[in-house]
Every structure is written in C-alpha cells, then in structure tokens.
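Structure assessment
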Amino acid sequence: MNPTFNYSRRKTVSVDVGGIALGSEWPVRVQSMTNTATDDVEASAAQCQRISYAGADYVRLTAQGVKQAQCIGEIASVLRSKNCAVPLIADIHFNRQAAMAAAEVCEGVRINPGNFVDPARTFKELEYTDEEYTAELGRIREALQPFIALCREHHTAVRLGVNHGSLSDRIMSRYGNTAAGMVESVMEFLRVFVEEQFMDVVISMKASNVVVMVEAVHRLVDAMDREDMHFPLHLGVTEAGFGEDGRIKSAVGIGTLMAEGLGDTIRVSLSEEPELEIPVARKLVDYISARQGHDPIEGDYSAEYDPLCPERRVTVEVDGRIGGSHQPIVIASYRPDEIETAALQPDFYYSADGIIDGMHQFLVPLNCWSGEGNAYPLLTLGEWDRCQATRLRFLQLPATTPVHRLEFLRGRSDTVLVITPVGKNIPGEQQALTHALDKAGINCPVIMRNTYTDSSNEWLQVKAGSDLGAVMLNRRADGIWLEDPSISNGAEVVRYAFAILQAARQRISKTEFISCPGCGRTMFNLQTTVQRVQQATAHLTHLKIGVMGCIVNGPGEMADADYGYVGAAAGRISLYKGKQCVEMNIPEDDAIDRLVELIKQNNDWRDP
C-alpha cells in the first residue's frame, strides 16, 4: 500500500523505559510532567500517582540539581510502596551532574542538546572556523561518553529533547533559530549514541509554533532515514497554553504528525493540572490509531509539493476573496445571531432552508437559490448543469470523487470546491484529492467540510484539530467548514474553526498566548497568572505574548513571542520585549500593569 496518504506507523526500534517499552511495535505511549517542587517528595509522589491513575504511561519531573535528581529516587520509593510502578523520567537543563545523578535512580533522563554541553544561550552571533566547530563536536563526544556509560550500567533510557529557542549559540551561529538548526543539534548527539552502540534513545523536537514543530520533526525523520537511524519519537507542542486553545493547538501539531504514522509517545502540554493532560492525549491516540487498516487511498504527491516544508497550494482567485493569496475562509452551519464575537464572524453562513439576511454572505441549496443578493448556490455534481451562476458557486464533492469526472473544471475561475470525507482517514483522503486536482491541472480553491456527530467539546477539539490541522499545515485548503450537531452552541464550533487556523498560522484572529505547562521550577501560580494576562491583553490580536514559569527555558522557548512575562524568583517577574529582558525582578503584584505599560511604550497597545 502506498504510504503517502495511508495511515501506518513509522518503523522504529523499541526502547525500554522502566519495563514499559515504546516504539512502533507498541501502542503510542502517553505521558505528563509534574508541576510540584521535586524536593517536596510527598507532594510530588502524590501528583505522580494522580497522573498515573489518569492513564499516563510515564511521568517526568524536573531536576534542577543533584539534590532534585536524588529526590526522584525517593519519590520512586514512595510510589512503589503504594503499588504505583509508573516509570519516572528526570528532566535536565544545563546541569550535567544532575543528569549523572538522575541516571542512577530514574528509568529515563531527558537532556537538552542545546545546553547539556554548551553554556546557556546568549542569542549572540558567534564565529567558528571549520576546525573550531569540529573541535566543539569532539567536546560533545567527551561529555556524553561517561553519561552514556552510566545509563548503560543502570538500564536508563535517554530522551534527547530539542526545543525551538533553546538551541546553543554555536548551532544558531550556523543555522539560526530554525527547524534545520534543531535537527542538526540533535543529530550531533545521536551520532555519538550510535557510535557508542547505545540505542535506548527517544527524540523530541518541540516548539510553541506548530509550523516550526512539524517542520522540525519532518526534517529530523528525513535526516535519520538518510543515516539509517530508526529511533522513536516523542511528540508535543511546548507551551501550548490553556483551555480549548491549548487542546486545539496540541491536536493540530501532534495530530498532523500522528496521521502520518509518526510518534511513539506524546505529551499534551497544558497550563493546567497535569492529570488533565492525559484524557486529551488518550483521545488523540485513540482517534488516530482507530484508522489503522482503513480502506486504501490511491495517489501520490503532485510534482511541485515539498512534504518537508509545504508551500500553499496554487489556486485561482475566485470572486476577489477566496483562493489565490487570500487568507483561508470559514463557513458555518449556524445562524448569524448565534455567533457572539464580531472578530470571529464566519465569512459565509450555510442556510439549508434558504432564509438569509441582508448583512451576511450565505450558501444555500440550489432549490433555494434565487440568483440574486448575497446568497450563492451549493451544488452537487448532478446539479451542475442546472445552475446559471456566473460569479461564484460552491461545488460539494466526496473526497473519493474520481478526478476524470471533474475535468470540466479546468480553467474555471468561478467555482470553489467543498470536499467532504468518506472514510476513517479524513485528512488522508481529503489531501489525496487536492494532489489529484493539481496533477489534472484543476486549480479551483478548496474548502474542507468536516462534520462530527458524536462529539463532546473536547472530542471535537481533538478530532477537528487533528484532521483539519493536518490539511491546513500542509497548505492544501483555502478554508474550512466545521460542523457538529451534537454541540448546541454554534459560537463554540466556529471559535474552534478559527483556533485551528490560528494554530496552523494560516489566519490570526486573536492574541496568541504562549504559556508553559509549569513544573517544579515555576515561580508563580501559572494557571491564575495566565488567565490574568489573558484578561488584560486578549484584545491585542496582532500580538503573541508568552507567560513562562521560570528563566530556564522561558526566554528561549518564547522567542517567537512579541512580549514575555517570565518568573524570575519567588514573587518576582521579568518582562521581555522579544528575546530582550527589559525589566527585571518586578513585584508580581505590579507585573501585569507593567506589562501593559511596556506594550504601550512600544506603540503596540490598542484599546479594547
């Protein structure tokens, strides 16, 4: 079976993590991370137990130093005394000694290639000769060899976790803060592990920018394939955020890759209690895994398509607003008075009974179309010849429609195609049709119409985020039409559609918040702080604002943000403009007012 549009897991080696193996021969594993102080053994053990009981296969804990690493061993003892055998993974940044200590007591250790050997990044441009750069690689090998030996001795698995924004200055000097830089950062380490014949390695490539995260994973798989490496992947969108936005953003990024058969363990990173991440991750795994063995989808990529870094599908502009270079549109199957927020008004409404108003744009069935006003016909193939529309028409097609039946569309500039799914692999069959259209020289704009009928809100966020997110991240559509009759509030469904487009960076409709999920390093109550920052700045739809619990990863991993609110110490906050710290150690009670003032000083403030 051609794997291009068909779901099957990428073949990877098995890695044992405390008796629970991961890799392509095993189910996709789910994990989370504590947000308690790791040296509070009782609190951390209790939270690990809650995460485990919620369904996690692994639990990760931060270890800032040797003391915290040793505490994970104590936490494990408490858990084992309570018959909780969940494997524990230490999360290490900057501190090699902590990694060595953790390797003796943990089932897994995560290290960051950006700071395991290299010093903390300063975002300065450095110059290296080829000889100096090669010498740096030798230094990496020397630092890794004793760590690898200790992990081998204690049967400890390793995760090489690269984060966008936390690359070393050395890597950024040659590659910039890019997906390509992320790949080279981890490949330098992987080559050492392969030379040492240590294969219990898992890799993650994370970013708060979903586009960067997906591109980095694509490029990593390509790089590993070229060097005959088959290590399993851990997937996650770091700093995904809070509530529905965090769930949708995670579903778009993780779901896109899982739909391509990538990913052996996942974490949905939410700025909430960690046990709440597990049901979301389980839904994502269950939904995508269920398409195993689906009816085969024929086809291959069109000649101009680059799966590593897709460009937008080339389409004609229809009616001066759809396709071409226009931002993707949103269609809704709800009444305009159901949509509460003016900023999230759909571009078109569908009226099945033909009832319209004079203020909005509508799609209506052909038998309700008068040929006048602000309504446009939605046709089936059988109705095509009965329609006299000359300006704009929508033609609805099942995703399995043979392209030879659509040759009459070649060269038309008045038709928008609406593609509906048929089988279990929704993004596979919808994307396959767009590539077949390209091969046939049919460049009509395409809208994906996805209807879900058995969904809770969270299920809809997961299903629609992963299905429509994959299509939008791969730049195959000019709009989306999301429906779920089981959800009575139409405004919620429309809001999810806009959130999917925003997560895919295809249409920005609200402030982009980048917030970490919190861990033992967090310096404030993350959940309430995120909500307070959102309340103060949610109307600034042109900005990206980061809310980060500590300075370990904050300045780097929110590098995509325009402004940053970062924990500096207990009760103290530092504010950032881009990657530059502009105010340090502000009292927490004053920090949001100072953030607003900073935005105003830089002329980025807009009144609500």
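Before going into details, it helps to say that this report is about the structure given with it. (Residues numbered from 1 in each chain as written. Predicted model: local features only at pLDDT ≥ 70, side-chain atom pairs only at ≥ 80, totals over all residues. Heavy atoms only, no water.)

With that settled, the discussion passes to the pattern of salt bridges. Pairing between side chains of opposite charge can happen when their charged atoms approach one another. Applying the stated criterion to the full structure yields 32 salt bridges. Ionic pairing is found between D438 and R313, a salt bridge with its closest N-O pair at 2.7 Å. Of this pair, D438 sits in helix α10 (residues 426–439) while R313 is found in the loop between α9 (277–289) and β11 (329–332), placing the two residues 125 residues apart along the sequence. Through salt bridges with shared partners, one network takes in R247, E272, K283 and E458. (Salt bridge = Lys/Arg side-chain N within 4 Å of Asp/Glu carboxyl O. Helix = DSSP H or I, 4+ residues; strand = E, 2+ residues; numbered from the N terminus.)

A separate point is the environment of Q531. Relative to the helices and strands, Q531 resides in helix α13 (residues 526–537). Among the residues examined, Q531 registers a relative accessible area of 31% and is labelled partly exposed. Taking the C-alpha atoms as reference, Q531 lies 9.9 Å from S271; in sequence the two are 260 residues apart. (Buried < 20%, exposed > 50% of the residue type's maximum accessible area, 1.4 Å probe, protein only.)

Turning to helix α1 (residues 41–53), a few remarks are in order. Helix length check: α1, at 13 residues, gives a terminal C-alpha distance of 18 Å against a target of 18 Å (1.5 Å per residue), a fit within 8%. Here α1 has its buried residues at V41, S44, A45, Q47, C48, Q49, I51 and S52. On its buried face, α1 sits against β3 (29–33), β4 (58–62), α2 (66–81), β5 (88–91) and α9. The positive-phi residue at the C-terminal boundary of α1 is G55, with phi of around 120°. (Expected span 1.5 Å × (residues − 1). Contact = heavy atoms within 4.5 Å.)

Turning to the packing of aromatic side chains, a few remarks are in order. A complete count under the given rule lists 10 aromatic pairs for this structure. Arranged with centres 6.4 Å apart and planes meeting at 75°, the rings of F116 and F189 form a pair that is edge-to-face. Of this pair, F116 sits in the loop between β6 (108–111) and α4 (130–154) while F189 sits in helix α6 (residues 179–195), and the two are 73 residues apart along the sequence. Take F116: its relative accessible area is 4%, and that puts it in the buried class. The class for F189 is buried, based on a relative accessible area of 0%. Here the aromatic cluster, defined as three or more aromatic residues joined through ring pairs, consists of F5, Y301 and Y305. Between K577 and the ring centre of Y563, over which it is positioned, the NZ or CZ distance is 5.1 Å. (Phe/Tyr/Trp six-rings, centres within 6.5 Å; stacked < 30°, edge-to-face > 60°. Lys NZ or Arg CZ within 6 Å of the ring centre and 35° of its normal.)

Time to look at the packing of helix α8 (residues 243–259) against helix α12 (residues 490–503). Packing of α8 against α12 brings their axes to within 9 Å, and their N-to-C directions diverge by 55°. Here α12 runs oblique to α8, going by the angle between their axes. The crossing of α8 and α12 is right-handed. Listed contacts from α12 to E244, D245, I248, K249 and V252 of α8 are R495, Y496, A499, I500 and A503. In terms of residue class, the contact of α8 with α12 is made up of 6 nonpolar, no polar and 4 charged. (Axes fitted to C-alpha atoms, helices over the stretch in contact; angles between N-to-C directions. Parallel < 35°, antiparallel > 145°, perpendicular 65-115°, else oblique. Left-handed = near helix turned anticlockwise from the far one by under 90°. Nonpolar A, V, L, I, M, F, W, Y, C, P; charged D, E, K, R; others polar.)

What follows concerns the sheet that holds strand β16 (residues 415–420). An order of β11-β12-β13-β14-β15-β16-β17-β18 is seen for the 8 strands of this closed barrel, with the pairing classed as parallel. Looking at each pair of strands side by side, their axes are set apart by 25° on average, direction ignored. Taken together, the 6 bridges between strand β15 (residues 393–398) and β16 define a ladder with parallel strand orientation. For L395, the partnering residue across the bridge sits in β16 and is L417. Against the sheet, helix α11 (residues 457–473) contacts β17 (446–451) and β18 (479–483), and its axis sits at roughly 160° relative to β18. (Pairing = 2+ DSSP bridges.)

This part takes up unusual backbone geometry. Although it is not a glycine, F94 sits at a positive phi angle of roughly 70°. Residue position: F94 is located in the loop between β5 and α3 (96–105). For F94, a relative accessible area of 33% corresponds to the partly exposed category. Of note, the phi angle at R505 is positive, near 60°, even though the residue is not glycine. Owing to a relative accessible area of 23%, R505 belongs among the partly exposed residues under this scheme.

Here we take up the sheet that holds β6. Taken together, 8 strands build a closed barrel; the order of strands is β3-β4-β5-β6-β7-β8-β9-β10 and the barrel is parallel. Across 2 bridges, strand β9 (residues 233–235) lies against strand β10 (residues 265–266) in parallel orientation. Across the sheet, residue H234 finds its bridge partner in β10, namely T265. Helix-sheet contacts for α9 involve β3 and β10, and the interaxial angle to β3 is about 160°.

Okay, the environment of M584 next. Looking at the secondary structure, you find M584 in strand β23 (residues 580–587). For the pair M584 and R572, spaced 12 residues apart in sequence, the C-alpha to C-alpha distance is 8.1 Å. Apart from the residues lying within four places of it in its own chain, the contact partners of M584 are I573 and S574.

Our focus in this paragraph is the pairing of β16. Within β16, 6 of the 6 residues are buried, leaving the element largely enclosed by the surrounding structure. On β16, burial covers both faces: T415, L417 and I419 on one face and V416, V418 and T420 on the other are all buried. Pairing analysis gives 3 bridges linking β16 to β17, with the strands arranged parallel. Pairing of V418 across the sheet is with I447, part of β17. Running through α10, the crossover from β16 to the neighbouring parallel element β17 is right-handed. (Right-handed = clockwise from strand over helix to strand, strands pointing away.)

With respect to the helices and strands, D57 occurs in the loop between α1 and β4. Note on D57: relative accessible area 12%, which makes it buried. The contacts of D57, once residues within four sequence positions are left out, are I20, V28, R29, V30, V86, P87 and R282.

Moving on, we come to the nonpolar core. It is characteristic of soluble globular proteins that their nonpolar side chains tend to be buried jointly. By size, the foremost hydrophobic cluster in this structure holds 145 residues, and its most contacted members are L88, I111, L144, F147, M205 and I266. Here this core gets 10 residues from one element, more than from any other, and that element is helix α7 (residues 210–226). With sequence-adjacent residues up to four places away left out, L88 is seen in contact with C48, V59, L61, I72, I75, A76, L79, R80, C106, E107 and G108. Of all hydrophobic cores here, the second largest spans 17 residues; its members include Y563, Y565, L595 and L598. (Core = buried A, V, L, I, M, F, W, Y, C linked by side-chain atoms within 4.5 Å.)

So, on to α2. The end-to-end C-alpha distance of α2 is 23 Å, a good match for the 22 Å that 16 residues give at a rise of 1.5 Å each. Listed in full, the buried residues belonging to α2 are Q68, A69, C71, I72, G73, I75, A76, V78 and L79. Here the buried face of α2 lies against α1, β4, β5 and α3. At the C-terminal side of α2, N83 shows a positive phi close to 60°.

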